[in-house]
Every structure is written in C-alpha cells, then in structure tokens.
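The primary structure of each chain is shown beneath.
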Amino acid sequence: MKKNLKGISLSELESYFESLGEQKYRAKQVFRWIYKGAGSFDEMSDISAGLKEKLKESAEIQELKTLDRRISKIDGTRKYLFGLSDGNTIESVFMKYRFGNSICISSQAGCRMGCAFCASGQNGLLRDLSAGEMADQILKAQKDTGEKINHVVVMGVGEPFDNYENLSGFIKIINNEYGLSIGMRNITVSTCGVIPKIKSFSDDFPQVNLAVSLHAPNDIIRKGLMPVANKYPYDELISACREYTKKTGRRITFEYTLIAGKNDDNQHAGELAAKLQGLLCHVNLIPVNQVSGLAFAPSARDNADKFRERLQKKGITATVRRELGGDIDAACGQLRLSRPVTIN
Ligand code: SF4
C-alpha cells in the first residue's frame, strides 16, 4: 500500500525522505506543495524527475471527492459534501465574513455523541477522520473558490475531542509555516463538553479558541438534549471551563441552541446567567435548525433577542448568530442526509 503523504507531520515526512535516501530539505519542498493544493508529484516544479518517479512508486497524495456543492444566492456561503476513500461522506461550509474567509470542517464521519437536535449524530459514528482528511477540506474549498481561507472552525460533523490525536496533528499542520500558515488564534475547536480533553487542550493548544456546546441552563435540560451530560455533569463542565480561562487567559464561547419551549424562556436565561457569572465568556445563541424527523422548532426571533437581553443585563455578553446559507441547508449534517449528486 502506498503511503499517503497528506496529513503526516513535517518531521514524519522528513524521516520518510531519509528512509528513501533523500535529503531532509526535499521533504519541506514536498510538504509545501501538498498544502499549496498539489494533487500529484508532477505538479511539483522544483522536484527532480528522478525523485518524482521514486515517490510515485511508494507514496501518494490522497484527495477528497466533491460529491455535491451548493452556493447560497443570499451570501455566497458554500456547502460541500465530500466523499472519503472508503465511501463515507462528510460536510464542510465555506463562509465569507468582513474579517476574511472562514471554513467549518468535520472531524469525524458521523458522531457518537447523539445530541437530540443534531442531524449529524443520527446514524452514530462511522469513523474518525485523519489529519489529512481534515486539512483537505480546506484545500478543496480554497481550490474551488480561488480564495485563501484564514479562519478555521472545527464544528462540523463529529466531536473533535473524540478524535484528539488526529485533531492535534491537523492543527499543527495547518499552523505550520510550510503548511497553511493559519495562526493558532484563527482556529476554533468546538466540543460538546468532553472535560478531560478540555484540560489537555489548554496545555497543548493554549492559543487556539475553544467553543463549548452548552445548549441548556441546567443538568436536567442538558441531559435531555445531550447524552454526554450523563458522563460529564453541568457544574463540573463549568468548573473545567473556569479553569481553562484562568490557565489560558482566553475567552470561551458557549454555543446555545434556542429550542422553542424547551430552553428559551426568561427563567432559563436567568439560570444560565447565574451559572456563567464571572466566567470570561461569550454566549452564541443559535435558533435551532429544523431537521426532518426531529421534533424541535426554533425560538422566534424576538424571543431570541429577549433571551440575549436578559443575559446582557446580568453581565453576560451574548449575540444571536446571523444565519448564513439559509437557502442551501448549510446547517451541520443536513446535506449528508439528502441525496448526493456527483460533480467531479
Ligand atoms: S451536535 Fe456535535 S457532538 Fe452533538 S451529535 Fe452533533 S456533531 Fe456530535
């Protein structure tokens, strides 16, 4: 089997080149080409013909297959359905903001966390993505749009902390100056609340942004929405978040999906504000996406605004997330559940 060079670290690539009897600096050249988006060794113009042939015999650069792409007519958001080499599928969303281009990538095919409101977890976990499969979502979107992506959010299909080792490899590659050179502060990882990994993450990547999906003001509601809350109780999660902010000095974003009649009334807002008092954080309020087969309705816009105001009165900064790609099923997991169309 050929060695896939996409997704291995620069030092591993250097060792591989040494094992082929090649100079280490050649590995750096090839690494740079891979993250410029080269799909074959023939595209690498500063590599000798002899080395190209040698590489072709033992190595390859795997690519995701674009199965579907939808472009929003409203705001230019692009949603991709990518096929993996084993036939599984994942999703990514490219978004344009005033501060630059951003992509939301997947970290697993499927997810075993089983959040009640989420389309991605409906069929459970199929497998983890490799670091290369995570990085390739960025490369494919850059190639398709012709634009550089400068912000990466790991908030698509999957729980990134359930695939921590590959997530770590991915972050190091996209941050590497010979890779994609994306600053640590321009990367955000979102977890549903895997406490031990929040602790590891604060040691390993103190500059990377952390988002925590909270979605409830207390354990009772959270357990009804997120099975992970049975393992990691609410108050322990908030304590881990407090420790994280103390250690890193960085603000946490709490994601809070507003579900009509479930977690979105005045009392819930007050309870949430009390839980988050004194914590360096921002609350991102997201009216839930309607997913076929799931019986949840989004809060009305004025209700979402009232919830935000209540939090702000109690000193907790909050915003209601602007919906992007509303005309293309841009929410996580929705494209995978619809029928794919092959476009290349
Ligand atoms: S919301 Fe995130 S953690 Fe929960 S099931 Fe969906 S992908 Fe998994």
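In this report, the structure presented in the accompanying data block is examined. A quick note: this is a predicted structure, and the numbers were derived from the prediction, not measured.

1. Regarding the overall build of the protein chain
Secondary structure assignment for the protein chain yields 11 helices and 14 strands. Relative to a compact globule of 344 residues, whose C-alpha radius of gyration would be 20 Å, the protein chain shows 21 Å and is just as compact. Projected onto the principal axes, the alpha-carbon positions of the protein chain cover approximately 70 × 45 × 35 Å. When the 344 residues of the protein chain are sorted by exposure, 55% land in the buried category. Intrachain contacts of the protein chain at a sequence separation of at least 6 include 66% that bridge at least 24 residues. For the protein chain, the exposed area adds up to about 15,200 Å²; of that, 47% sits on carbon and sulfur atoms. Here the protein chain contributes 48 positively and 40 negatively charged side chains, and the mean placements of these two sets differ by 3 Å.

2. Looking at the pairing of strand S3 (residues 65–71)
With six bridges joining them, S3 and strand S4 (residues 78–83) adopt antiparallel strand pairing. Residue pairing for S4: Arg70 is matched across the bridge by Lys79. Hairpin geometry of S3 and S4 is characterised by an intervening segment of six residues between the two adjacent antiparallel strands and by a positive phi of about 80 degrees at Gly76.

3. Quick look at the packing of aromatic side chains
All chains considered together, the criterion is met by eight aromatic pairs. Consider the rings of Tyr16 and Phe17, whose centres lie 6.2 Å apart with planes at 75 degrees: the pair is edge-to-face. Exposure class is identical for Tyr16 and Phe17. Each is buried. These aromatic residues form a ring-pair network of at least three members: Phe161, Tyr164, Phe201 and Phe205. It is Lys36 that lies over the ring of Trp33; its NZ or CZ is 4.2 Å from the centre. Here Lys197 stacks its cationic end above the ring of Tyr164, 5.8 Å away from the centre of that ring.

4. Quick word on helix H4 (residues 131–145)
In this model H4 runs 22 Å from its N-terminal to its C-terminal C-alpha over 15 residues, within 8% of the 21 Å that 1.5 Å per residue would give. Burial runs high along H4: 13 of the 15 residues are buried.

5. What to know about the nonpolar core
Ranked by internal contacts, the top residues of the largest apolar core, which has 99 residues, are Phe170, Phe201, Phe254, Leu276 and Val283. For Phe170, the contacting residues outside a window of four places in its chain are Ile105, Ala131, Met134, Ala135, Ile138, Val152 and Val154.

6. Observations concerning the environment of Thr66
You can see Thr66 is positioned in strand S3. For the pair formed by Thr66 and Leu84, sequence separation is 18 residues and the distance between their alpha carbons is 9.3 Å.

7. Let's talk about the site of the ligand
The local shell around the ligand consists of Cys111, Met113, Gly114, Cys115, Cys118, Ser120, Gly121, Gly158 and Cys192. For the shell around the ligand, the residue count by class is five nonpolar, four polar and no charged.

8. A word on the pattern of salt bridges
For the structure shown, the criterion picks out 18 salt bridges. Ionic pairing is found between Glu255 and Arg321, a salt bridge with its closest N-O pair at 2.9 Å. Of this pair, Glu255 sits in strand S12 (residues 252–258) while Arg321 sits in the segment after strand S14 (318–320), placing them 66 residues apart in sequence. Glu255 gets classed as buried once you look at its relative accessible area, which sits at 4%. Salt bridges here are not isolated pairs; linked through shared partners, they connect Asp42, Glu53 and Lys56.

9. Section: the pairing of strand S6 (residues 100–105)
Within S6, six of the six residues are buried, which leaves the element mostly enclosed by the surrounding structure. For strand S5 (residues 89–97) and S6, the ladder comprises five bridges, and the chain directions are antiparallel. Bridge pairing in S6 links Met95 to Ser102. If you look at the hairpin formed by S5 and S6, you'll find two residues sitting between the two strands. In the sheet, S6 pairs with strand S9 (residues 151–154) via four bridges, with the strands oriented parallel. Looking across to S9, one finds that Ile105 is bridged to Val154.

Scoring rules and cut-offs
- Residues numbered from 1 in each chain as written.
- Predicted model: local features only at pLDDT ≥ 70, side-chain atom pairs only at ≥ 80, totals over all residues.
- Heavy atoms only, no water.
- Helix = DSSP H or I, 4+ residues; strand = E, 2+ residues; numbered from the N terminus.
- Rg over C-alpha atoms; globule rule 2.2 N^0.38 Å.
- Buried < 20%, exposed > 50% of the residue type's maximum accessible area, 1.4 Å probe, protein only.
- Contact = heavy atoms within 4.5 Å.
- Areas by Shrake-Rupley, 256 points an atom, 1.4 Å probe, with all protein chains shown as cover.
- Lys, Arg positive; Asp, Glu negative; His and termini not counted.
- Charge placed at Lys NZ, Arg CZ, Asp CG, Glu CD.
- Pairing = 2+ DSSP bridges.
- Phe/Tyr/Trp six-rings, centres within 6.5 Å; stacked < 30°, edge-to-face > 60°.
- Lys NZ or Arg CZ within 6 Å of the ring centre and 35° of its normal.
- Expected span 1.5 Å × (residues − 1).
- Core = buried A, V, L, I, M, F, W, Y, C linked by side-chain atoms within 4.5 Å.
- Near = heavy atom within 4 Å.
- Nonpolar A, V, L, I, M, F, W, Y, C, P; charged D, E, K, R; others polar.
- Salt bridge = Lys/Arg side-chain N within 4 Å of Asp/Glu carboxyl O.

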